[in-house]
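Survey of secondary and tertiary structure
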Amino acid sequence: MTAVATLPAPEPAGIRRPTPRRFLMCRPDHFDVYYAINPWMDVATPVDRALALAQWENLRATFERHGHTVDVIAGESGLPDMVFAANGGLVIGDRALSARFANAERVAEGPAYHTWLAGQDFAEVLAAAEINEGEGDFAVVGERILAGTGFRSSPAAHREVERFFGLPVITLELVDPRFYHLDTAVMVLGDTIAYYPAAFSSASAALLAQLYPDAIIATEADAVVLGLNGVCDGKHVFLSDRAVALSEQLRARDYEPVGIDLSELLKAGGSVKCCTLELHPTRVTAAVAPAMG
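Numbers given for residues are sequential positions, taken from 1 along each chain in its written order. Two thresholds apply to this predicted model, a pLDDT of at least 70 for residue-level local features and 80 or more for giving and counting side-chain atom pairs, whereas whole-chain, interface and lining totals are computed over all residues. Each side-chain value is worked out from all heavy atoms of the structure, with water and hydrogens disregarded.

A separate point is helix α4 (residues 202-211). Among the residues of α4, those classed as buried are S204, A205 and L208. Viewed end-on, α4 has its buried residues packed into an arc of 100°, placing them on one side of the element. Turned more than 90 degrees from where α4 packs its buried face, S202, A203 and Q210 sit exposed. Here a residue-residue contact requires only that any non-hydrogen atoms of the pair lie within 4.5 Å. Elements are defined by DSSP. Helices are runs of H or I of four residues or more, strands are runs of E of two residues or more, and each kind is numbered from the N terminus. On its buried face, α4 is in contact with β7 (144-149), β8 (169-173) and β10 (192-195). For each residue, the accessible area found with a 1.4 Å probe, counting protein chains only, is set against the maximum for its type, and the residue is called buried under 20%, exposed over 50%, and partly exposed in between. To obtain the arc, one takes the directions from the helix axis to the C-beta atoms.

What follows is the structure, given as structure tokens:
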């Protein structure tokens, strides 16, 4: 009797798969807290730089262990917050927009990140004309960009990003100073999000509820440990190990949370996403943006 070959059983529809990503990070060689520009920063609280470096190295190694590529930009003396690479710009496909920081203490980070971006093989690298803090306030979700304002990035920067990348930008107003950047209150999970509604104005919270009816709603307890300041590769979600309830919610949705301890960097108001600028691939259906003068 002739054996009949059998095909493997199909995988369940909607199965979550990780996608290799490319990240830019900056070692915290100069990390410190000697000024305060957000409610998390206390100049009287000492920083253990050796511990910050060890925690950062663990995050980098964790990304690489999960199949992601990590580029590293050299930090600069006098720029203790340069470790928060997400604020350095926004990159989609072959276009990059470097940041223009709101606070005088961080202004020099913009040119530092611009120089690195200009040294890559992007077709166009533009220094922002408007105040924006990169992926701190811009989140690429599918074919749109969510954009925060209220504390750092200006609404005019939202329009600049929309023109440059040719993608629709949705303006969201942040109202709680603890969540001074969008990436402290929203985490991208593929084509949906997790977020903390109370960080937003009532109108912006309502808009998010309309756009993402399937979103994960974070608790205040998880939001205040910057649990939403995480990175998702489609399956794995790298986030603060203190965000216990959020991790449970993610697991219930078939994501795989990967807890990371960044307690030293939290002293400056940063966690996993703050340390990670994603170099996004081109979106297939994205419009081709015209060059800006």
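Time to look at the pairing of strand β3 (residues 89-92). Residues G89 and V91 line one face of β3 and the alternating positions L90 and I92 line the opposite face, and both faces are buried. When β3 meets strand β4 (residues 95-98), the two strands line up antiparallel, connected through four bridges. By the bridge assignment, G89 is partnered in β4 with S98. For two strands to be treated as a pair, DSSP must find no fewer than two bridges joining them. Hairpin connection of β3 to β4: two residues between the antiparallel strands, including G93 at a positive phi of 65°.

What follows deals with the packing of aromatic side chains. Side-chain rings of Phe, Tyr and Trp (the six-membered ring for Trp) are treated as a pair once their centres are within 6.5 Å; stacked means planes under 30 degrees apart, edge-to-face means over 60, and tilted covers the remaining angles. Scanning all chains against the criterion turns up six aromatic pairs. Between the aromatic rings of F63 and F238, the centroid separation amounts to 5.1 Å while the plane-to-plane angle is 80°, which identifies the pairing as edge-to-face. Here the residue F63 occupies a position in helix α1 (residues 49-65), and F238 occupies one in strand β13 (residues 236-240), the gap between them amounting to 175 residues. Classification of F63 by relative accessible area gives buried; the value is 0%. Note on F238: relative accessible area 0%, which makes it buried. Ring centres 4.9 Å apart and planes at 80° place the aromatic pair F164 and F165 in the edge-to-face group. Taken together through their ring pairs, the aromatic side chains of F23, F63 and F238 make up a single cluster.

The next point concerns the sheet that holds β10. Read across the open sheet, the three strands follow the order β9-β10-β11; overall the sheet is mixed. For this open sheet the edge positions go to β9 (186-189) and β11 (216-217), each flanked by a neighbour on one side alone. Of the strand pairs in this sheet, β10 and β11 are connected by two bridges, and their pairing is parallel. Looking across to β11, one finds that A194 is bridged to I216.

With five of its six residues buried, β7 lies for the most part within the structure. Relative to β7, strand β6 (residues 138-141) is paired through four bridges, and the arrangement is antiparallel. The partner of V140 across the bridge, within β7, is I145. What sits between the antiparallel neighbours β6 and β7 is a turn of two residues, in which G142 has the positive phi angle 60°. Tracing the backbone out of β7, into helix α3 (residues 155-165) and back to the parallel element β8 gives a crossover that is right-handed. A crossover counts as right-handed when, viewed with the strands pointing away from the observer, the path leading from the first strand over the helix to the second turns clockwise.

Looking now at the confidence of the model for the chain. The predictor's confidence in any single residue is recorded as pLDDT, a number from 0 to 100. When pLDDT is averaged along the chain, the result is 93; 91% of the residues meet or exceed 70. Overall, residues 1-11 carries pLDDT values under 50, and its contacts beyond four positions in sequence, including any with other chains, amount to one contact. This model gives residues 284-293 a pLDDT under 50, and the stretch forms 19 contacts once residues within four places in sequence are excluded.

Further remarks concern the sheet that holds β6. Reading across the sheet, the three strands line up as β6-β7-β8 and stay open at both edges, with mixed pairing between neighbours. At either margin of the open sheet sits one strand with a lone partner, and together these are β6 and β8. For this sheet, the mean inter-axis angle between neighbouring strands, taken without regard to orientation, is 25°. The convention used is that axes are lines fitted to C-alpha atoms, helices contributing only their stretch in contact, and that angles between N-to-C directions extend from 0 to 180 degrees.

Take the buried residues of types Ala, Val, Leu, Ile, Met, Phe, Trp, Tyr and Cys, join any two whose side-chain atoms come within 4.5 Å, and each joined set is a nonpolar core. Grouped together as the largest cluster of nonpolar side chains are 33 residues, with contacts concentrated most on L146, L189, I193, F200, L246 and L250. Where this core is concerned, the elements lending two or more residues are β6, β9, β10, α4, β13 and α6 (244-252). Leaving out residues up to four positions away in the same chain, L250 has contacts with M187, L189, I216, V237, L239 and Y255.

Distance in space between the C-alpha atoms of F238 and G227 is 9.5 Å, their sequence separation being eleven residues. Ignoring any residue separated from it by four or fewer positions in sequence, one finds F238 in contact with T62, F63, H66, H68, G230, V231, D233, V258 and V272.

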